[in-house]
Amino acid sequence: MGRRGEFRVSVSKDYLVFASAHFITFAGHRCEGLHGHNYRASVTIEGRLNEESWFVFDFVELKRIMRRLCDEIDHLVLLPTKSDRIQVREEGETVTVAVDERPRYVFPRRDCALLPIPNTTVEMLAEMLIDRLRATLEQSAAPGLTAIEMEVEENFGQSATCRVVLSPT
Ligand SMILES: [Zn+2]
């Protein structure tokens, strides 16, 4: 079999959304108040053709995984656990949140998604979704994949994209 082109497959669906609350810190002492977005994710994966199926990756499977990843953080307060400035503490059924050690919010634990990122920017959410997608893809044995690109939109026309090149397996 001769060398073939490189392929990309993309999934961008109306249901790949998560309506979530968050706030971010900025450089210096600025910090937003709590607010929400209807976030939307779209993903592109690149790789070699699977020469039994002649596709890069099964769309049905990719849509299913992406839907699950969005559902996991839908209708929750997104809180960063790797922030230097936002302190998130689980205390039984509640989560207390302080900014620069000043108490700010108390949420029911079930309404929060504690995320291992330094700030809940769309950049960091995109990277986190790639990490979660990768973890799932590794279980489903998709050896030909070479890169994943994730776009997370927080408003119409306002999004960030993260691209991760996968090491060859
Ligand atoms: Zn925001």
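Just above sits the structure.
Being a predicted model, the structure only gives us computed values, none of them experimental.

Trainee: Please give an account of the coordination of the zinc ion that cites residues and values.
Mentor: Octahedral metals with six donors have ideal donor angles of 90 or 180 degrees. Tetrahedral metals with four donors have an ideal donor angle of 109.5 degrees. Around the zinc ion, the protein contributes the donor atoms His-22 (NE2), His-35 (NE2) and His-37 (NE2), at 2.0 Å from the metal centre. If you list the donors of the zinc ion from N- to C-terminus, the spacing comes out as H-x12-H-x1-H. Here the residue His-22 occupies a position in strand 2 (residues 17-22), and His-35 occupies one in strand 3 (residues 35-47), the gap between them amounting to 13 residues.

Trainee: An account of the packing of helix 1 (residues 59-73) against helix 2 (residues 122-139) is requested, with residue identities and associated values reported.
Mentor: To describe two helices that pack against each other, one gives the angle between their axes and the distance between the axes. The N-to-C vectors of helix 1 and helix 2 enclose an angle of 130°; their axes lie 11 Å apart at closest approach. With respect to helix 2, the element helix 1 is oriented oblique. For the pair helix 1 and helix 2, the crossing hand works out as right-handed. Between helix 1, through Leu-62, Ile-65, Met-66, Arg-68, Leu-69, Glu-72 and Ile-73, and helix 2, the contact on the second element is made entirely by Met-128, Leu-129, Arg-132, Leu-133, Thr-136 and Leu-137. Broken down by class, the residue content of the contact of helix 1 with helix 2 amounts to nine nonpolar, one polar and three charged.

Trainee: Break down the side chain of His-22 for me, citing the residues and quoting the values.
Mentor: Given the relative accessible area of 2%, His-22 is considered buried. Other than its neighbours up to four places away in sequence, His-22 contacts Glu-32, Gly-33, Leu-34, His-35, His-37, Tyr-39, Leu-78, Thr-120 and Glu-154.

Trainee: So what's going on with the packing of aromatic side chains? Residues and values would help.
Mentor: A full pass over the atoms with the stated rule returns three aromatic pairs. Judged by centre distance (5.4 Å) and plane angle (55°), the ring pair of Phe-23 and Tyr-105 falls under tilted. Separated by 82 residues along the polypeptide, Phe-23 in the loop between strand 2 and strand 3 and Tyr-105 in strand 7 (residues 102-108) bring together distant segments of the chain. Each member of the pair Phe-23 and Tyr-105 is classed as buried. Here the basic side chain of Arg-67 rests over the ring of Tyr-15, its NZ or CZ set 4.3 Å away from the ring centre. It is Arg-104 that lies over the ring of Phe-23; its NZ or CZ is 5.5 Å from the centre.

Trainee: Now, about helix 1: what can you tell me, with residues and values included?
Mentor: With 15 residues, helix 1 ought to run about 21 Å at 1.5 Å a step, and its terminal C-alpha atoms sit 22 Å apart, in line with that. For helix 1, the complete set of buried residues consists of Leu-62, Ile-65, Met-66, Leu-69, Cys-70 and Ile-73. Angular distribution of buried residues about the axis of helix 1 spans 130°; they occupy a single face of the element. The backbone nitrogen of Val-60 lies 3.0 Å from a side-chain oxygen of the residue at the head of helix 1, namely Asp-58. Just downstream of helix 1, His-75 is the residue with a positive phi angle, here 60°.

About the thresholds
- Residues numbered from 1 in each chain as written.
- Predicted model: local features only at pLDDT ≥ 70, side-chain atom pairs only at ≥ 80, totals over all residues.
- Heavy atoms only, no water.
- Donors = N, O, S within 2.8 Å, 3.2 Å for Na, K, Ca; no water.
- Helix = DSSP H or I, 4+ residues; strand = E, 2+ residues; numbered from the N terminus.
- Axes fitted to C-alpha atoms, helices over the stretch in contact; angles between N-to-C directions.
- Parallel < 35°, antiparallel > 145°, perpendicular 65-115°, else oblique.
- Left-handed = near helix turned anticlockwise from the far one by under 90°.
- Contact = heavy atoms within 4.5 Å.
- Nonpolar A, V, L, I, M, F, W, Y, C, P; charged D, E, K, R; others polar.
- Buried < 20%, exposed > 50% of the residue type's maximum accessible area, 1.4 Å probe, protein only.
- Phe/Tyr/Trp six-rings, centres within 6.5 Å; stacked < 30°, edge-to-face > 60°.
- Lys NZ or Arg CZ within 6 Å of the ring centre and 35° of its normal.
- Expected span 1.5 Å × (residues − 1).
- Arc of directions from axis to C-beta.
- Polar contact = N/O pair within 3.5 Å; in protein donor to acceptor, adjacent residues only side chain to side chain.

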